[in-house]
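Structure assessment
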Amino acid sequence: MSFPRRRAGLAVRRRRESIQRSAETVNVEKNTKAIVEKNYKLGVWNGTVFLVAAAFIDTGIVMPVFLSLLTKNMAVVGFGCAALSMGWFFPQWFIAYFARNMKYKMPLYRYSAIMRSAPIGIIAILMFAFGDTQPAWLISVILLCILFHTLGAGIAGIAFLDI
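Residues numbered from 1 in each chain as written. Predicted model: local features only at pLDDT ≥ 70, side-chain atom pairs only at ≥ 80, totals over all residues. Heavy atoms only, no water.

This part is about the layout of surface pockets. One number sums up the size of the largest pocket: a volume of about 610 Å³. In terms of lining residues, the largest pocket is bounded by 23 residues, among which Phe-50, Ala-54, Arg-116, His-149 and Ala-153 are the most central. Among the residues making up the lining of the largest pocket, the classes are represented as twelve nonpolar, nine polar and two charged. The calculated volume of the second largest pocket comes to roughly 420 Å³. Lining the second largest pocket, in full, are Asn-39, Leu-42, Gly-43, Trp-45, Asn-46, Val-49, Met-106, Tyr-109, Arg-110, Phe-160 and Ile-163. Counting only elements with at least two residues in the lining of the second largest pocket, the list comes to α1 (2–56) and α4 (106–130). Within the lining of the second largest pocket, the residues separate by chemical class into seven nonpolar, three polar and one charged. (1 Å grid on protein atoms, 1.4 Å probe; cavity = no way out; pocket = protein on both sides within 12 Å on 5 of 7 lines; lining within 4 Å. Points joined across faces, edges and corners; volume = space filled by probe spheres on them. Nonpolar A, V, L, I, M, F, W, Y, C, P; charged D, E, K, R; others polar. Helix = DSSP H or I, 4+ residues; strand = E, 2+ residues; numbered from the N terminus.)

Spelled out as structure tokens, the structure:
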């Protein structure tokens with residue numbers, strides 16, 4: 001006799017749980033939409049800033065002229081331009097092994113974004129401070145900053161392409 005009542009009670013309980021889950025889903029969908037919109041805007045902003053910054057360190061036009069103003073040694077100018085290209089690939093050989101097992105790649109991207117951006121800011125500050133007075137010292141610091149920038153970009157590339 002109690003069997004049909006249990007079934008009816010179970011059906012009512014399941015229906016209540018279903019309604020509760022659908023209400024939670026609606027709230028999650030609203031929050032998810034807001035998060036997706038925020039992430040989209042931040043992604044567009046990140047891409048815009050990156051492309052504008054990349055135009056200022058272009059290896060085809062800007063960097064050779066910039067480095068040749070600081071030194072007449074064409075090997076140093078060539079190394080500075082080559083470092084911007086080779087630095088992208090070099091860290092990926094090592095970081096990819098560790099990054100593939102990471103559950104979340106965003107912390108890696110954030111760290112590497114700082115590692116990628118800070119050297120460019122350091123170059124700008126040093127150019128204003130020591131540009132005319134110490135070009136020999138400045139060229140070595142700039143080459144080191146370029147190397148760190150491209151290593152950071154190589155690390156960021158792994159996380160960016162996975163995210």
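Once that is clear, we can look at the confidence of the model for the protein chain. Within the protein chain, residue pLDDT values average 79, and 82% of them lie at 70 or more. Summarising per-element confidence for the protein chain, the mean pLDDT is lowest in α1 (70) and highest in α4 (86). (pLDDT = per-residue confidence, 0-100.)

Further remarks concern the side chain of Thr-150. Within the secondary structure layout, Thr-150 lies in helix α5 (residues 135–162). Classification of Thr-150 as buried rests on a relative accessible area of 3%. Thr-150 has contacts with Ala-83, Leu-84, Gly-87 and Trp-88, leaving out every residue within four places of it along the chain. (Buried < 20%, exposed > 50% of the residue type's maximum accessible area, 1.4 Å probe, protein only. Contact = heavy atoms within 4.5 Å.)

Okay, the nonpolar core next. In a soluble, globular protein the nonpolar side chains are often hidden away together inside. By size, the foremost hydrophobic cluster in this structure holds 16 residues, and its most contacted members are Met-63, Ile-142 and Ile-146. Broken down by secondary-structure element, the contributors of at least two residues to this core are α2 (62–70), α3 (74–99), α4 and α5. Ranked by the residues each element gives to this core, the list is headed by α5, at six residues. Among residues more than four places away in sequence, those in contact with Ile-142 are Phe-66, Leu-67, Leu-70, Ile-123 and Met-127. (Core = buried A, V, L, I, M, F, W, Y, C linked by side-chain atoms within 4.5 Å.)

Relative to the helices and strands, Ala-113 resides in helix α4. By relative accessible area, which is 18% here, Ala-113 ends up buried. Separated by 39 residues in the primary sequence, Ala-113 and Gly-152 have C-alpha atoms spaced 6.7 Å apart.

A word on the side chain of Arg-116. Positionally, Arg-116 belongs in helix α4. The class for Arg-116 is buried, based on a relative accessible area of 11%. Discounting chain neighbours no more than four positions away, the residues touching Arg-116 are Asn-46, Phe-50, Tyr-109, His-149, Gly-152, Ala-153 and Ala-156.

It is at 7 Å that the axes of α3 and α5 come closest, and there the two elements cross at 35°. At the point where α3 passes α5, the crossing takes the right-handed sense. Residue composition of the contact of α3 with α5, grouped by class: 18 nonpolar, seven polar and no charged. (Axes fitted to C-alpha atoms, helices over the stretch in contact; angles between N-to-C directions. Left-handed = near helix turned anticlockwise from the far one by under 90°.)

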